Amino acid sequence: MNAEKNRFDRLYMVGHAHLDPVWLWRWTEGYQEARATLHAAVKLLAENPDYVFTFEQMAVIEWIRESDPKLFEKLQELVAAGRIALVGGWWVEPDCNLPSLEAFVRQGLLGQRYLLEHFGGIATVGLNADPFGHSAVLPQILQGQRIGGYCFLRPGPHETAMAHTVFDWQGMGGASVLAYRIPHEYCSTSEAIDDHLNAAVSKIAPSVNSEAMVFYGVGNHGGGPTRRNLESIARIDAEGHHGRLTMSGPGRYLDMVRDSDQKIPQWQGELQRHAAGCYAAHAKIKQLNLKAEAILVEAERYATLTARRGAMSYPAEALTAAWKDLLFNQFHDILPGSSLKVCYDDAEHQVGGVIAAADRIINLAMQTTARDIAIPEDEKSQPVVLFNPHPYPVDVTAELELSFLPGDWALTDEAGTPVEWQKIRADATIQEKDIFRDRLRGRIAFGATLPALGYKLYRLHQVAERPVVKTTSVKAAGLTMENAHLRVTIDPATGWLSELVTLADGRNYAPQPGAVHTVVTPDQSDTWGHRVESYVAEGNAFEIEDVRLIDEGPVRSAIRVTSRYGQSRLTEHFVLDAGARALEIRCELDWRETLSVLKLRYPSAISADKALYQMQHGALERPADANEYPGQRWVSVAGNGQRLTVINNAKYAYDCDKGDIGITAARSPVYAWHDPRELRDNEHYHYQDQGLQSFTVKLLPQADDDMSEAHRLADLMLTPPRLMMESFHPGTLPAETAGISGLETVRGLRLTAIKAWEDDPEGLVIRLANDTQESVAAQLVLHFRDDFELPVTLGPEEIATWVIPADGAAFKADLLEFAVDRDLPHLSKGV
């Protein structure tokens, strides 16, 4: 007889089919398994009147709807009868560390509305059983999606010192959900579940009462509970070793916990860490994901503004389809890098299609806007229009590649104000004069000031003599570059900074001589990095081959550093633009090493025992203990009145070792290699991250703790303003216009979405996030909507959404875009 006899009065048995639509198989195999799993569940439900089946992931359910309508109708019938508990409320079970704020919002927006449309209610329990950690932003997002319970497996007891199985999970912004850590796996074998049940009971922490919950059923490749599972549950229940066994969905147990009069323990902050190698694994899918997240938000903004003035129809269906494809590829075995190599061929095609679809929407919006700008004819000029997707004015260095006619050129805005420009290296190596005698292909850089969420017209004029422009410039001498804010010097021996001086106070942020920038170490961990805490170790540096000044002019100076390690090569362009407060480093890495890790280290004069990591909104402080952590776009350290923030546009994996920030730039395990399997010398393997990758890093030194500029630089790096050549034509639009105002001076208030309302494409949705721990307020003016005024107030670290109907007063909404006081029906209540 089991030693745990009668420890619990009741165990709620959750029959579940964890289904990975992609992992050690392609999505096409997962597609078929979705139907097979539900068929098996329907058959067992007909045989056993007490059995309750739990199902989730709307993408999987949508596969059934489109491939087997009759089976989908049966699913609807069984859900309505309370025999199938639909939970989760999200499109898939995504990675729960890496996606952006908007991606997490859209998981629930599309998932819950799908349930409401096809099943008449929404889920109240979130289920992310298999992801490898959970961001501290999730409780607020779940709460905003009307999901009050959350079930997960990882991190397990060996990975975090959590003393609870059921607890109140409190996240950023003060939000909370009732959470349940699945005690022993989310699935079982197809045989009798005695061992599985005993193991689960032994791992359940002291609870709020004498009842608990156990998940069972064949999983990963789907399948769900079997007849032998159910027979063993009936036998164990009759024996009484574990009290009463009640078949149910997870909602019934969580409702019981809420209704109990016992105090529920609390857990504050993120749930970490499992599979730390997945923060870096498969660099390409991570960079594609970042680009797709950013470009979809950008497409919604441009489409909204352009549709408001009637120049195009809002492409709601195309955008929704693109979001669904992206959300699917954020699944917890795709985005973390843990699937087969062939799965990434599929994922790259699908996410590439998302980017292409969004690009077409943006191009149409820009073209129809530029078409309507009044541009008087001037045969000796070339009009250029720049678009700013951000809700605040930006000063940027724009780059333009074009064909020059002989002679000199001047650059002005439409008012005739001259703008400084300089030639930089062109992308085109062919010279058009070899083909067209009178033209020369070239590339220029120039400073542009663009209005918030608007555009501005510039012109290149052919002139006899280029005018002198009074402007703040950048200077270069040897390996030193200096603008109005920074002085930068590169050490030719190390290829790293010997000076990073803020001129306002003369303080040098560069490290002591001998600091290391590149570190290559062996990596014998599997694809997931199981049991890895840190990738910081003594290793080898890239050998410097060449350091030289390659651009010098009033707009930009740049120093190129090339280095090599083994068969790998790293080229870094240190770029300092006039007026820039941050140093830009453009990285081109050709990585050819296997079973190795490349850490790009960013040492500085700052020593710290803590570091600040940007989250999906706001930031989280973690120890500077050299451990591998997930983050969004930046990590920051401070000490002795100095702060250095390292920002990038492609990576998620970081560490901080006593103030020395590291980015995991490349990691090359074998695809889908899970220990304890050992690699053999006589087998052929495919290794990750082989080949060329390009990304950008910025170093932002500052004397205060205001992170507003870091947030905005990060957004600008992901979504730079767009530039297009234009022609001469009449029009109704001015040469410059802003789409919004009111956010430019509000610190910490970030616009995350402007889109059409799900219930009416003529209505608008505005979503904001407060990145600070203080309340903020602003008076927004939407110039693109007839100067509509929207006063907003957000509490500390709050995410807030407003809906502005086509006719009617604006109202505050939840993350499903319903009024916060509107009641919605719940699925499987009491199941």
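Source: prediction; values computed, not measured.

*Asks:* Tell me what's going on with the packing of aromatic side chains, and back it up with residues and numbers.
*Replies:* Tallied over the full model, the rule gives 26 aromatic pairs. Seen in terms of ring centroids, tryptophan 496 and phenylalanine 574 are 5.9 Å apart; in terms of plane orientation they differ by 65°. Their pairing is edge-to-face. With tryptophan 496 in the loop between strand E20 (486–490) and strand E21 (497–502) and phenylalanine 574 in strand E26 (residues 568–577), this pair connects stretches of sequence that are 78 residues apart. Across the pair, exposure class does not vary: tryptophan 496 and phenylalanine 574 are buried alike. Sitting over the face of the ring of phenylalanine 818, arginine 113 holds its NZ or CZ atom 4.2 Å from the ring centroid. Here the guanidinium or amino end of arginine 273 rests over the ring plane of tyrosine 629, the centre of that ring lying 5.0 Å away.

*Asks:* I'd love a proper account of the pairing of strand E17 (residues 455–463), names of residues and values included.
*Replies:* In terms of residue burial, E17 counts as a mostly covered element, since seven of its nine residues are buried. Where strand E11 (residues 381–387) meets E17, seven bridges bridge the pair, whose relative direction is antiparallel. Pairing of proline 383 across the sheet is with arginine 459, part of E17. Bridging between strand E13 (residues 408–413) and E17 involves six bridges; their strand directions are antiparallel. Its bridge partner being in E17, tryptophan 409 is matched across the sheet by glutamine 462.

*Asks:* Quick rundown of the sheet that holds strand E27 (residues 583–591)? Include the residues and the values.
*Replies:* One open sheet holds the nine strands; their spatial order is E24-E25-E26-E27-E36-E33-E32-E29-E30, and the pairing between them is antiparallel. Among the strands making up the open sheet, the edge pair consists of strand E24 (543–551) and strand E30 (619–623). Direction aside, the axes of adjacent strands within the sheet are offset by 20° on average. Examined bridge by bridge, E26 and E27 share seven bridges and lie antiparallel to one another. Bridge pairing in E27 links histidine 573 to arginine 586. Seen against the sheet, helix H12 (residues 708–718) touches strand E29 (610–614), strand E32 (634–639), strand E33 (642–648) and strand E36 (691–702) and runs at an angle of roughly 155° to E36.

*Asks:* Let's hear about the packing of helix H1 (residues 27–47) against helix H3 (residues 69–80): which residues, and what values?
*Replies:* Viewed as axis vectors pointing N to C, H1 and H3 meet at an angle of 50°, and their least axial separation amounts to 11 Å. When the interaxial angle is binned, H1 and H3 end up oblique. Our pair here, H1 against H3, has a crossing hand that is left-handed. In this structure, H1 contributes Arg35, Leu38, His39, Val42 and Leu45 to the contact, and H3 contributes Leu71, Lys74, Leu75 and Leu78. Partitioning the contact of H1 with H3 into residue classes produces six nonpolar, one polar and two charged.

*Asks:* Residues and numbers for the nonpolar core, please.
*Replies:* Core analysis: the biggest nonpolar cluster contains 115 residues, and Leu38, Ile84 and Phe119 have the highest contact counts within it. Sequence-distant contacts of phenylalanine 119, that is, excluding residues within four places in its chain, are made with Ile61, Phe72, Leu75, Gln76, Val79, Leu86, Tyr114 and Leu827. Of all hydrophobic cores here, the second largest spans 48 residues; its members include Leu486, Tyr509, Leu583 and Tyr654.

*Asks:* Hey, could you go over the environment of valine 463 for me, with residue numbers and the actual values?
*Replies:* Locating valine 463 in the fold gives a position in strand E17. For the pair valine 463 and glutamate 593, spaced 130 residues apart in the sequence, the C-alpha separation amounts to 52 Å. Beyond its immediate chain neighbours, meaning those up to four positions away, valine 463 contacts Asp408, Trp409 and Ala410.

*Asks:* Any details on helix H9 (residues 283–308)? Residues and values, ideally.
*Replies:* Taking 1.5 Å as the rise per residue, H9 with 26 residues should run 38 Å; its terminal C-alpha atoms sit 38 Å apart, in good agreement. Burial of H9 is extensive: 21 of the 26 residues sit out of reach of the surface. One or two positions beyond H9, positive phi appears at glycine 310, with a value near 80°.

*Asks:* Before we move on, could you go through the packing of helix H10 (residues 316–328) against helix H11 (residues 341–371) and cite the residues and values that matter?
*Replies:* Two elements in contact, H10 and H11, have axes separated by 9 Å at closest approach and are oriented at 155°. The orientation of H10 with respect to H11, classified from their angle, is roughly antiparallel. Considering only the axes of H10 and H11, their crossing is left-handed. Side by side, H10 and H11 meet where Ala318, Leu319, Ala322, Asp325, Leu326 and Phe328 of the first sit next to Gln350, Val354 and Ile361 of the second. Residues of the contact of H10 with H11, tallied by class, amount to seven nonpolar, one polar and one charged.

Quick notes on the rules
- Residues numbered from 1 in each chain as written.
- Predicted model: local features only at pLDDT ≥ 70, side-chain atom pairs only at ≥ 80, totals over all residues.
- Heavy atoms only, no water.
- Phe/Tyr/Trp six-rings, centres within 6.5 Å; stacked < 30°, edge-to-face > 60°.
- Helix = DSSP H or I, 4+ residues; strand = E, 2+ residues; numbered from the N terminus.
- Buried < 20%, exposed > 50% of the residue type's maximum accessible area, 1.4 Å probe, protein only.
- Lys NZ or Arg CZ within 6 Å of the ring centre and 35° of its normal.
- Pairing = 2+ DSSP bridges.
- Axes fitted to C-alpha atoms, helices over the stretch in contact; angles between N-to-C directions.
- Contact = heavy atoms within 4.5 Å.
- Parallel < 35°, antiparallel > 145°, perpendicular 65-115°, else oblique.
- Left-handed = near helix turned anticlockwise from the far one by under 90°.
- Nonpolar A, V, L, I, M, F, W, Y, C, P; charged D, E, K, R; others polar.
- Core = buried A, V, L, I, M, F, W, Y, C linked by side-chain atoms within 4.5 Å.
- Expected span 1.5 Å × (residues − 1).

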